[in-house]
Amino acid sequence: MANIMETKPRQGIAVLGKYNIGTSATLLAIVVVLFVFLSLTSAVFPTPGNLSNLLRQTSINGIIALGMLMVIITAGIDLSVGAVVAIAGIVNALMLQAGVSMWVSIPLTLVIGAAIGVFNGILIHEVSITPFIATLGTLTIVRGLVMIMSGARMVANLPKEFGQIASGDVFGIPSMFIIWMALFLVTVFLLNYTQLGRNFFIIGSSKEVARLSGIRLRINMYAVYGLSSLYAALAGILLSSRLSMGVPTAGISYELDAIAAVVIGGGSLFGAAGSAIGAVLGAIIMQTIRNGGNLLGIDPFALQVIIGALILIAVGIDQFRMRRAEKG
């Protein structure tokens, strides 16, 4: 009996993993087509300045998407990441403004961000609040705290060296993009080569099977939501570095962009499916459409319609795939 229960989620993971490989190849092809099309239709798009700006823009949402990916793999959701972006930017900015070294303020801010995620994990596991409601409540609380702490005002006059984190380049490659890619490699390793990553997939396949298999749901729920908020806090620090100020309204709707990037990238809202490369490509596709659309003078509301249609198509494919898996 135990062997049957342990085998079922692993079989599901194998099938979904194969699906993600095909999805990633398709997404990569879409990225190439978008870049070729926009390079032919806009003289500005292929310029180094615009591409550098595109990478910086995408890095923020891409980092959040990697954290959201892990939550969605467990069949959860984290609506609080946008608020974590805001509070991380404000907390770090206030410490810097008070004369705290950024080598102290940044680690402390990351710890605070991770703690918010652990709080989400407590609400979900210990209090048995659904992830949607728990993280929605946290979003509201954190947004209120941001306004109280900042007085609803921007926190400016930050050290010049802090702004250089986001504005710097390494051999012509934006430092923000390098940080994002480093985090991508960490996420790939975590999901594919650690027991914690395997636990996330099994939990997403079936929490009951995970529990009966000896997986400690408590620590894994704390870990996945803690990681999601940790990634969001890092994104908030980078955003405030890019803006050279803490902005209390930062991060609004970022959670939706992150969810969209994961879903477009092949992640399943049913859990147990998704890949880091898919989340990265999903984020690139979304931001490229926005960037290219703006350069071509397309109405930004029309761009939202296009991105919304992409999300619906991705979810529809996911539903179709799940029905086929159930029948097969």
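Treat the numbers as computed from the prediction; the structure is a model and nothing was measured. Every residue gets a number counted from 1 within its own chain, in the order that chain's sequence is written. The model is predicted, so local features are restricted to residues of pLDDT at least 70 and side-chain atom pairs to those at 80 or more, both for listing and for counting; the totals for chains, interfaces and linings are taken over all residues. As a convention, hydrogens and water are excluded, and side-chain values are obtained from all of the structure's heavy atoms.

**Focus: the overall build of the chain**
Condition: Only DSSP runs of H or I with at least four residues qualify as helices, and only runs of E with at least two residues qualify as strands; both kinds are numbered from the N terminus onward. Atoms considered for the radius of gyration are the C-alpha atoms alone. The globule rule reads 2.2 Å times the number of residues to the power 0.38. A simple rule labels every residue: compare its accessible area, found with a 1.4 Å probe on the protein chains alone, to the largest value its type can have, and call it buried under 20%, exposed over 50%, or partly exposed in between. Contacts between residues were defined by any pair of non-hydrogen atoms, one from each residue, lying within 4.5 Å. Only the protein chains shown count as covering a residue, and every accessible area follows the Shrake-Rupley method with a 1.4 Å probe. His is not counted, nor are the chain ends, whereas Lys and Arg count as positive and Asp and Glu as negative. The atom standing in for a charge is NZ when the residue is Lys, CZ when it is Arg, CG when it is Asp and CD when it is Glu.
Looking only at helices and strands, one finds 13 helices and 2 strands in the chain. Its C-alpha atoms give the chain a radius of gyration of 20 Å, near enough to 20 Å, the size a compact globule of 328 residues would have. Projecting the C-alpha coordinates of the chain onto the three principal axes gives extents of approximately 65 × 50 × 35 Å. By residue count, 50% of the 328 residues in the chain fall in the buried class. Pairs at least 24 apart in sequence give 80% of the contacts found in the chain among residues at least 6 apart. For the chain, the accessible area works out to roughly 15,100 Å², and carbon and sulfur atoms hold 71% of it. One finds the centroid of the 18 positive side-chain charges in the chain at a distance of 5 Å from the centroid of its 11 negative side-chain charges.

**Some thoughts on the nonpolar core**
Heads up, the rule is: The criterion is simple. A nonpolar core is a set of buried Ala, Val, Leu, Ile, Met, Phe, Trp, Tyr and Cys residues joined through side-chain atoms within 4.5 Å.
Judged by nonpolar contacts, the single largest core of 88 residues is most densely connected at Leu66, Met70 and Trp180. Once residues lying within four places of it in the same chain are set aside, the contact partners of Leu66 are Trp180, Leu183, Phe184, Thr187, Tyr231, Ala276, Ala279 and Val280.

**Some thoughts on the UniProt feature "transmembrane region" (unreviewed entry) in the chain**
Here is the rule: UniProt positions are given in the numbering used here, feature names are shortened, and annotations may be inferred rather than shown by experiment.
According to UniProt, the "transmembrane region" (unreviewed entry) feature falls on residues 21-43, 63-91, 103-123, 129-149, 170-191, 219-239, 259-289 and 301-320. Within residues 170-191, the helical portion is 77% and the strand portion 14%, while the C-alpha atoms at the span's ends are 28 Å from each other.

**Regarding the pattern of salt bridges**
Here is the rule we go by: By definition, a salt bridge exists where a carboxyl oxygen of Asp or Glu is found within 4 Å of a side-chain nitrogen of Lys or Arg.
Overall, the coordinates contain 4 salt bridges when judged by the stated rule. Between Arg218 and Glu126 there is a salt bridge, and its shortest N-O distance comes to 2.5 Å. With Arg218 in helix H10 (residues 217-243) and Glu126 in the loop between helix H4 (102-125) and helix H5 (131-150), the pair connects residues that are 92 residues apart, well separated along the chain. The exposure class assigned to Glu126 is partly exposed, which follows from its relative accessible area of 35%. Between Arg211 and Glu208 there is a salt bridge, and its shortest N-O distance comes to 2.5 Å. In this pair, Arg211 and Glu208 both sit in helix H9 (residues 207-212), 3 residues apart, roughly one turn of the helix.

**Describing the packing of helix H11 (residues 254-264) against helix H12 (residues 276-295)**
Note the following rule: For every element, the axis is a line fit to its C-alpha atoms; helices are fit only across the contacting stretch, and the angle between N-to-C directions ranges from 0 to 180 degrees. By the definition used in this description, the sense in which the near helix is turned from the far one sets the handedness, with an anticlockwise turn below a right angle giving left-handed and a clockwise turn giving right-handed. Side-chain classes are defined by residue name, with Ala, Val, Leu, Ile, Met, Phe, Trp, Tyr, Cys and Pro counting as nonpolar, Asp, Glu, Lys and Arg as charged, and the others, Gly among them, as polar.
One way to put it is that H11 packs onto H12 with a least axis distance of 7 Å and a crossing angle of 115°. For the element pair H11 and H12, the recorded crossing hand is right-handed. Of the residues in H12, those touching H11 at Asp257, Ala260, Ala261, Val262 and Ile264 are Gly278, Ala279, Gly282, Ala283, Met286 and Arg290. Split by residue class, the contact of H11 with H12 holds 7 nonpolar, 2 polar and 2 charged.

**Section: the environment of Ser241**
Our working definition: Any pair of nitrogen or oxygen atoms within 3.5 Å is treated as a polar contact; in protein, a donor-acceptor pairing is required on top of that, and neighbouring residues in sequence qualify only through side-chain atoms on both sides.
Along the chain, Ser241 turns up in helix H10. Separated by 81 residues in sequence, Ser241 and Lys160 place their C-alpha atoms 9.3 Å apart. Residues in contact with Ser241, not counting those within four places in the same chain, are Phe162, Gly163, Gln164, Ile165 and Ala166. In terms of polar contacts, Ser241 uses its side chain to reach the backbone amide nitrogen of Ala166, at 3.1 Å.

**Looking at H10**
Inclusion rule: Any helix carries an expected span of 1.5 Å times its number of residues minus one.
The end-to-end C-alpha distance of H10 is 39 Å, a good match for the 39 Å that 27 residues give at a rise of 1.5 Å each. Burial of H10 is extensive: 21 of the 27 residues sit out of reach of the surface. Once H10 ends, the next one or two residues include Ser244, with phi positive near 60°.

**With respect to the side chain of Asn220**
Positionally, Asn220 belongs in helix H10. The class for Asn220 is buried, based on a relative accessible area of 2%. Of note is the side chain of Asn220, whose polar atom sits 2.7 Å from the backbone oxygen of Arg216. Not counting the four nearest positions on each side in its chain, Asn220 is found in contact with Leu196, Asn199, Phe200, Ile203 and Ile215.

**Overview of the packing of aromatic side chains**
Note the threshold: Under the pairing criterion, centres of Phe, Tyr and Trp rings, with the six-membered ring standing for Trp, must be within 6.5 Å; the plane angle then separates stacked pairs below 30 degrees from edge-to-face pairs above 60, leaving the rest tilted.
All told, the structure shown has 3 aromatic pairs when counted by the stated rule. The interplanar angle of 75° and the centroid separation of 5.2 Å between the aromatic rings of Phe35 and Phe45 together place this pair among those described as edge-to-face. A residue pair is termed long-range when its members are at least 10 positions apart, and Phe35 in helix H1 (residues 2-41) and Phe45 in the loop between H1 and helix H2 (48-73) qualify at 10 residues. The class for Phe35 is partly exposed, based on a relative accessible area of 26%. Phe45 sits in the buried class, given a relative accessible area of 0%.

**Focus on the environment of Ala98**
As for its placement among the helices and strands, Ala98 is situated in the loop between helix H3 (81-97) and H4. You can call Ala98 exposed: its relative accessible area is 65%. It is 9.6 Å that separates the C-alpha atoms of Ala98 and Leu158, two residues lying 60 residues apart in sequence.

**Digging into unusual backbone geometry**
The bulk of non-glycine residues show a negative phi, and the bulk of peptide bonds are trans. Phi at Ala152 takes a positive value of approximately 60°, unusual for a residue other than glycine. The residue Ala152 is located in the loop between H5 and helix H6 (160-167) in this model. A positive phi angle, close to 65°, is found at Ala272, a residue other than glycine. Mapped onto the secondary structure, Ala272 falls in the loop between H11 and H12.

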